[in-house]
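Structural characterization, general
Listed here are the chains, written in short residue letters.
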Amino acid sequence: MSETAPSLLAIGAHTGDVEVTMGAVIAAHTRQGGTATICHVTLGEGGHKTKTPAAYAPQRQREAEASAKILGADLVVFPYADLGFAGGPDVVAKLVDLIRERKPEVVLCHWPGSWHSGHTQSATCSLQAVETAPIARITTAAPPHRVKAVYCPENWEDPFDFRPSLYVDVTEDLPRWEESCRQHELFTGGASSFRYLDYYRGVMAAHGAVAGCQFAVAIARPYAFDPRRVPFLPV
Ligand SMILES: [Zn+2]
């Protein structure tokens, strides 16, 4: 592929969400000339089965830094606590600032149909920030910026009404995806009993079978009011 991939901003609720669900897409983009920023809204420090949040937080920061480096992405971590995260206008404002500062062409975020409240809040804030960032009368330090497209990769915790319409061929990027995920204790069995790497490698193989390649990430467009005017019904 000779075209340069677009610039990305990938937003996740917890450290690891972006890497395990969107990491292969990020690796594909940076390999093909795109730039990428990963934003963790929280460190996800409340998710360890034995470690306290205070003990786990600095580890998660180190894991996120190592993982982003492997994916060729910049890293931004917001200072919100994981447990009890409830989104809100302050989070939206910080995401608007980030979008205006980084000027991504594409935003990746959680699919809104999630059983995890932190993911739902993160998705809502991400979509609100994309809607707000181009509005000129809302002034911030950086000028307005319009994101061209928003996509949601598949996440086992965000399954409700998820219907993919795009498959990104990540066959070349699986080794870098796995290496980035292995920086996280969460994905190597120490912090959770969920078999993340087996699950995501399996679904990427299944989607690859559908898409005609070895491994693919399934992508859906988020809910949007996106009216189009046409002179007659398209066929
Ligand atoms: Zn999460």
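So, here's what we can say about the structure.

Calculation notes
- Residues numbered from 1 in each chain as written.
- Predicted model: local features only at pLDDT ≥ 70, side-chain atom pairs only at ≥ 80, totals over all residues.
- Helix = DSSP H or I, 4+ residues; strand = E, 2+ residues; numbered from the N terminus.
- Rg over C-alpha atoms; globule rule 2.2 N^0.38 Å.
- Buried ≥ 20, exposed ≤ 12 C-beta atoms within 10 Å, placed from the backbone.
- Contact = placed C-beta atoms within 7 Å.
- Axes fitted to C-alpha atoms, helices over the stretch in contact; angles between N-to-C directions.
- Parallel < 35°, antiparallel > 145°, perpendicular 65-115°, else oblique.
- Nonpolar A, V, L, I, M, F, W, Y, C, P; charged D, E, K, R; others polar.
- Pairing = 2+ DSSP bridges.
- Expected span 1.5 Å × (residues − 1).
- Arc of directions from axis to C-beta.
- Right-handed = clockwise from strand over helix to strand, strands pointing away.

1. Focus on the overall build of the chain
A count of helices and strands for the chain gives six helices and seven strands. Starting at the N terminus and walking to the C terminus, you meet the elements of the chain as β-α-β-α-β-α-β-α-β-β-α-α-β. Taking 235 residues into account, the globule formula puts the C-alpha radius of gyration at 18 Å, and the chain, at 17 Å, falls close to it. In terms of overall dimensions, the chain has a C-alpha envelope of 60 × 45 × 35 Å along the principal axes. Counting across all 235 residues of the chain, residues that qualify as buried make up 43%. Looking at the chain alone, contacts between residues at least 24 apart form 77% of all its contacts between residues at least 6 apart.

2. A look at the packing of helix H2 (residues 53-71) against helix H5 (residues 174-181)
Relative to each other, H2 and H5 sit at 170°, their axes nearing to 8 Å. By the angle class used here, H2 and H5 are roughly antiparallel. Of the residues in H5, those in contact with Ser67, Ile70 and Leu71 of H2 are Arg176, Glu179 and Ser180. Within the contact of H2 with H5, the residues separate by chemical class into two nonpolar, two polar and two charged.

3. Notes on the pairing of strand E3 (residues 74-80)
Regular strands place their side chains on alternate faces of the sheet. Direction of pairing for strand E2 (residues 36-42) relative to E3: parallel, over a ladder of five bridges. Of the residues in E3, the one forming a bridge with Thr42 is Tyr80.

4. Topic: the sheet that holds strand E6 (residues 166-169)
Pairing within the open sheet is mixed, and its seven strands lie in the order E3-E2-E1-E4-E5-E7-E6. The sheet is open, and its two borders are formed by E3 and E6, each paired with just one other strand. The mean inter-strand angle of the sheet, taken between neighbouring strand axes irrespective of direction, is 30°. Those strands touched by H2 are E2 and E3, and its axis lies near 155° from that of E3. On the sheet, helix H6 (residues 196-211) packs against E6 and strand E7 (216-220) and is oriented at approximately 85° with respect to E7.

5. Considerations on helix H3 (residues 89-102)
Between its first and last C-alpha, H3 extends 20 Å over 14 residues, near the 20 Å set by a 1.5 Å rise per residue. All buried positions along H3 are accounted for by Val91, Val92, Leu95, Val96, Leu98 and Ile99. Buried residues in H3, looked at end-on, bunch into an arc of 165°, giving them a common side. The exposed residues of H3 that point more than 90 degrees off its buried face are Pro89 and Asp90. Looking at the buried residues of H3, the elements they touch are strand E1 (8-12), E2, E3 and helix H4 (117-132). Looking one or two places after H3, you find Lys103, whose phi comes out positive at around 55°.

6. Quick notes on the pairing of E2
Within E2, seven of the seven residues are buried, leaving the element largely enclosed by the surrounding structure. In the sheet, E1 pairs with E2 via five bridges, with the strands oriented parallel. Considered in E2, the bridge of Leu8 is made with Ala36. Where the polypeptide runs from E1 across helix H1 (residues 17-31) and back to E2, its parallel neighbour, the crossover connection is right-handed. This β-α-β element, E2 to H2 to E3, shows right-handed connectivity.

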